[in-house]
Amino acid sequence: MSDTTRQAAGWFDEHWQDWLAGGIRIVFIIVLALVLRAMVRKVITQLITRMIRPGESEDEPSRLGGLLANTGVVNPERRQQRAEAIGSVLRSVASFTILGTAALMVLSALGMNLAPLLASAGVAGVAIGFGARNLVTDFLSGVFMIMEDQYGVGDEIDTGVASGTVLEVGLRVTKLRGAGGEIWYIRNGEVKRIANMSQGWSTASVDVQVGYKEDLERVETLITETAEAMAKEAPYDELVWAPFKVLGVESVAADSVVLRIEARTAPGKSLSVARALRQRVKQVLDEAGIKVKEEVAPVAAGTGAGTTAAATVLAAVPAPGTDPAPPSALSDPTSAGYKAATPIPAPVRPADDTTKAP
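Not measured: the values here are computed from a predicted model. (Residues numbered from 1 in each chain as written. Predicted model: local features only at pLDDT ≥ 70, side-chain atom pairs only at ≥ 80, totals over all residues. Heavy atoms only, no water.)

Draft legend 1. Representation of the overall build of the protein within the structure. Secondary structure assignment for the protein yields nine helices and eight strands. Taken over 358 residues, the protein has a buried fraction of 25%. Put simply, 61% of the contacts in the protein that link residues at least 6 apart link residues at least 24 apart. For the protein, the accessible surface area stands at approximately 24,700 Å², while carbon and sulfur atoms represent 60% of it. (Helix = DSSP H or I, 4+ residues; strand = E, 2+ residues; numbered from the N terminus. Buried < 20%, exposed > 50% of the residue type's maximum accessible area, 1.4 Å probe, protein only. Contact = heavy atoms within 4.5 Å. Areas by Shrake-Rupley, 256 points an atom, 1.4 Å probe, with all protein chains shown as cover.)

In structure tokens, the structure reads:
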């Protein structure tokens, strides 16, 4: 056996125990990280399940479910979507933290100096964070939107820059379907205000125009009876959440009066309820002979309020066979304007001289 072989064998005998200990340590770190990750994910899943689980009664959610109840305006399906989204975010954060820490511990067990690596990672993190600040803003905004339940899939929202039906809610981008069929991709960090028309309830408002001389009490009675009858029929018995109320006269014109009716409806169903009520009110008013607008008869000359105006117009028209009155600006015969407007007289031809010179 040569000296090189003896040196290699001796070096191996001196370090194999350190290698074995380091390998066992690395395996222990990896196994511990995987077990801890599985336990944390299981705890998060159980927590989300308890959030989704209803309480003892349908009206009272569970204690954890109350964290997502949002003052009672969120249905169980909506609460389940929110809980699943929050659970996905928590599981991702937990996995990244645990596995990242395990990777650093493995590198340390291999004998690598982590100080320069952590310093470089810190500088790189600051640079990346500064360059990708919009991405970080979008991500954080998406997390808070989901946790606060500002909107969800299927909601009708107005974000200021676009409005439509929510198709997808992501941590960075929200996808909307506009009224014309277009799809809007909106960064969550760009949203400054959100109007959600699908949470809680909506208000159906209908304006009814009737003639000025119609009996308003009779009209209100007909409208109220029609609205109550419609609210008892399917499918409006589930869409109308509060009785219709005639608020009173909204506006008054020379030939018509506008009455306003309102009712609380299911979220997003106010337009369909209002359209149906307009159609039924129109049929009832037609059957009752109530006019929508008063017919204004033409004013005869010399009668009513048009006497003065008609007399003025007739006075301005000259009688047949008379000369028209001079304009007011030229009514003074001594004024320069009157003299300038005086027609030039035709030249007088001299009489023919019948005597001629011899």
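Following the structure, the description resumes.
Draft legend 2. A look at the side chain of Ser 270. Residue placement: Ser 270 occurs in helix H7 (residues 270-288). Each residue touching Ser 270, except ones within four places of it in the same chain, is listed here: Ser 202, Thr 203, Ala 204 and Thr 265.

Draft legend 3. Summary view of the pattern of salt bridges. Inspection of the entire model under this criterion finds eight salt bridges. In this structure, Arg 260 engages Asp 207 in a salt bridge whose closest nitrogen and oxygen atoms are separated by 2.8 Å. Here the residue Arg 260 occupies a position in strand S8 (residues 256-265), and Asp 207 occupies one in strand S6 (residues 202-211), the gap between them amounting to 53 residues. Between Lys 282 and Asp 286 there is a salt bridge; the shortest N-O distance is 2.8 Å. With Lys 282 and Asp 286 both in helix H7, this residue pair falls four residues apart, about one helical turn. By relative accessible area, which is 53% here, Lys 282 ends up exposed. (Salt bridge = Lys/Arg side-chain N within 4 Å of Asp/Glu carboxyl O.)

Draft legend 4. Representation of the nonpolar core within the structure. Among the nonpolar cores identified, the biggest contains 25 residues, and Val 208, Phe 244, Val 273 and Leu 277 are the most heavily contacted of them. Sequence-distant contacts of Val 208, defined by excluding residues within four places in its chain, comprise Ile 223, Val 257, Val 258, Leu 259, Ile 261, Val 281 and Leu 285. Ranked by size, the runner-up nonpolar core spans eight residues in total, among them Met 145, Ile 157, Ala 162 and Val 166. (Core = buried A, V, L, I, M, F, W, Y, C linked by side-chain atoms within 4.5 Å.)

Draft legend 5. Region of the structure containing the sheet that holds strand S1 (residues 156-158). Here we have five strands laid out as an open sheet, ordered S4-S3-S2-S1-S5, and antiparallel in their pairing. Two strands bound the open sheet, and with one partner strand each, they are strand S4 (183-187) and strand S5 (195-196). Sheet topology note: the strand S3 (residues 173-177)/S4 ladder contains five bridges and is antiparallel. Paired with Arg 177 across the bridge in S4 is Ile 183. (Pairing = 2+ DSSP bridges.)

Draft legend 6. Representation of a nonpolar patch on the surface. Taken together, Val 27, Val 31, Val 35 and Met 39 make up a surface patch of nonpolar side chains, about 350 Å² in accessible area. Among the structural elements, Met 39 can be located in helix H1 (residues 3-52). (Patch = residues over 30% accessible without salt bridge, like charges linked within 9 Å, V, L, I, M, F, W, Y side chains within 5 Å.)

Draft legend 7. Expanded view of the environment of Gly 152. By the secondary structure assignment, Gly 152 is in the loop between helix H4 (133-148) and S1. As a C-alpha pair, Gly 152 and Thr 174 span 22 residues in sequence and 9.7 Å in three-dimensional space.

Draft legend 8. Seen up close, the packing of helix H5 (residues 216-231) against H7. Between H5 and H7, the shortest axis-to-axis distance is 10 Å and the interhelical angle comes to 135°. In terms of orientation, H5 and H7 fall into the oblique class. Considering only the axes of H5 and H7, their crossing is right-handed. In contact with Arg 218, Leu 222, Ile 223, Thr 226, Ala 227 and Met 230 of H5, H7 contributes Val 273, Ala 276, Leu 277, Arg 280, Val 281, Val 284 and Ala 288. When grouped by side-chain class, the residues that make up the contact of H5 with H7 number ten nonpolar, one polar and two charged. (Axes fitted to C-alpha atoms, helices over the stretch in contact; angles between N-to-C directions. Parallel < 35°, antiparallel > 145°, perpendicular 65-115°, else oblique. Left-handed = near helix turned anticlockwise from the far one by under 90°. Nonpolar A, V, L, I, M, F, W, Y, C, P; charged D, E, K, R; others polar.)

Draft legend 9. Expanded view of the packing of aromatic side chains. Within this structure, the stated rule accounts for zero aromatic pairs. Above the plane of the ring of Trp 201 lies Arg 264, whose end atom (NZ or CZ) is 3.8 Å from the centre. (Phe/Tyr/Trp six-rings, centres within 6.5 Å; stacked < 30°, edge-to-face > 60°. Lys NZ or Arg CZ within 6 Å of the ring centre and 35° of its normal.)

Draft legend 10. The arrangement of the sheet that holds S8 in detail. With respect to topology, three strands assemble into an open sheet ordered S6-S8-S7, the strand pairing being antiparallel. A single partner strand is all that each edge strand has here, and the edge strands are S6 and strand S7 (245-252). This sheet shows a mean twist of 25° between the axes of neighbouring strands, independent of strand direction. Judged from the six bridges that link them, S7 and S8 form a sheet pairing that is antiparallel. Across the sheet, residue Lys 245 finds its bridge partner in S8, namely Glu 262. Contacts between H5 and the sheet are confined to S6, S7 and S8, with S8 contributing the most and set at about 30° to the helix. Along the sheet, H7 makes contact with S6 and S8, crossing S6 at roughly 25°.

So yeah, pure geometry; function would need other evidence.
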